[in-house]
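Now for the letters of each chain:
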Amino acid sequence: KLVKDNDGKVKMKRGTTRTTKKGTLQYKTKKGDTLYLIARKYLQNGALGNMIYKANKEKIEAAAKKNGRKSSAKGKFLAPGIILNLGGKVSSDV
C-alpha cells in the first residue's frame, strides 16, 4: 500500500526504491549516496552512474542549487531526498 501526503503525492523514505505503474525503478537519495553506489546496488554496474546522472540531470542540478551550490559537479554532490529514475525493472531483489 502506498502512503500519500496531503497533496496526493506518494511518500518515499530516503534510501528506498519503488517501481512505478509504468515499470520504472525509482530511488530516493539519502545522505552519503553516490551515483556509483546507487548504480552498483540497483543496476549491478557502478559505471552506469553517468547514465543515471544524464537521465536525472535537471532534478540533480536543481537540488544542488537549492542547497546553495553552483552545480552538482556532474552528480558528485547528491542532495538527500531526490527521487531518481533508474530505468526499467532490472533486478528481482529490489
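Residues numbered from 1 in each chain as written. Predicted model: local features only at pLDDT ≥ 70, side-chain atom pairs only at ≥ 80, totals over all residues. Heavy atoms only, no water.

**Student:** Go over the nonpolar core with me, naming the residues and quoting the values.
**Tutor:** In terms of nonpolar packing, the biggest core is built from 16 residues, with Leu35, Ile38, Ile52, Leu84 and Leu86 touching the most fellow members. When contributions to this core are tallied by element, the ones reaching two or more residues are strand E2 (24-28), helix H1 (35-43), helix H2 (49-66) and strand E3 (83-88). When residues of this core are assigned to their parent elements, the largest contribution, five residues, is made by H1. Leaving out residues up to four positions away in the same chain, Leu35 has contacts with Gly49, Ile52, Tyr53, Ile60, Lys74, Gly75, Leu78 and Leu84. (Core = buried A, V, L, I, M, F, W, Y, C linked by side-chain atoms within 4.5 Å. Buried < 20%, exposed > 50% of the residue type's maximum accessible area, 1.4 Å probe, protein only. Helix = DSSP H or I, 4+ residues; strand = E, 2+ residues; numbered from the N terminus. Contact = heavy atoms within 4.5 Å.)

**Student:** For the layout of surface pockets, give the residues involved together with the corresponding values.
**Tutor:** Quantified by volume, the largest pocket comes out at close to 160 Å³. Every residue along the wall of the largest pocket is listed here: Arg14, Lys59, Ala62, Ala63, Lys66, Asn67, Ala79, Pro80, Gly81 and Ile82. The class makeup of the residues in the lining of the largest pocket is five nonpolar, two polar and three charged. (1 Å grid on protein atoms, 1.4 Å probe; cavity = no way out; pocket = protein on both sides within 12 Å on 5 of 7 lines; lining within 4 Å. Points joined across faces, edges and corners; volume = space filled by probe spheres on them. Nonpolar A, V, L, I, M, F, W, Y, C, P; charged D, E, K, R; others polar.)

**Student:** Break down the pairing of E2 for me, with residues and values.
**Tutor:** Within E2, four of the five residues are buried, leaving the element largely enclosed by the surrounding structure. By the bridge criterion, three bridges tie strand E1 (residues 17-19) to E2 in an arrangement that is antiparallel. Each bridged residue has a counterpart across the sheet, and for Thr17 the counterpart in E2 is Tyr27. Linkage of E1 to E2, two consecutive antiparallel strands, is achieved through a turn of four residues, within which Gly23 is found at a positive phi near 90°. (Pairing = 2+ DSSP bridges.)

**Student:** Please give an account of the environment of Lys13 that cites residues and values.
**Tutor:** Turning to its location among the elements, Lys13 is positioned in the segment before E1. Accessibility expressed as a relative area gives 67% for Lys13, which makes it exposed. Sequence separation of Lys13 and Lys30 is 17 residues, and the distance between their C-alpha atoms is 8.8 Å.

**Student:** Can you break down H1 residue by residue, with the values?
**Tutor:** Among all positions of H1, only Leu35, Ile38, Ala39, Tyr42 and Leu43 are buried. Mapping the buried residues of H1 onto a view down its axis gives an arc of 95°, with all of them on the same face. Backbone geometry just downstream of H1 places Gln44 in the positive-phi region, at approximately 60°. (Arc of directions from axis to C-beta.)

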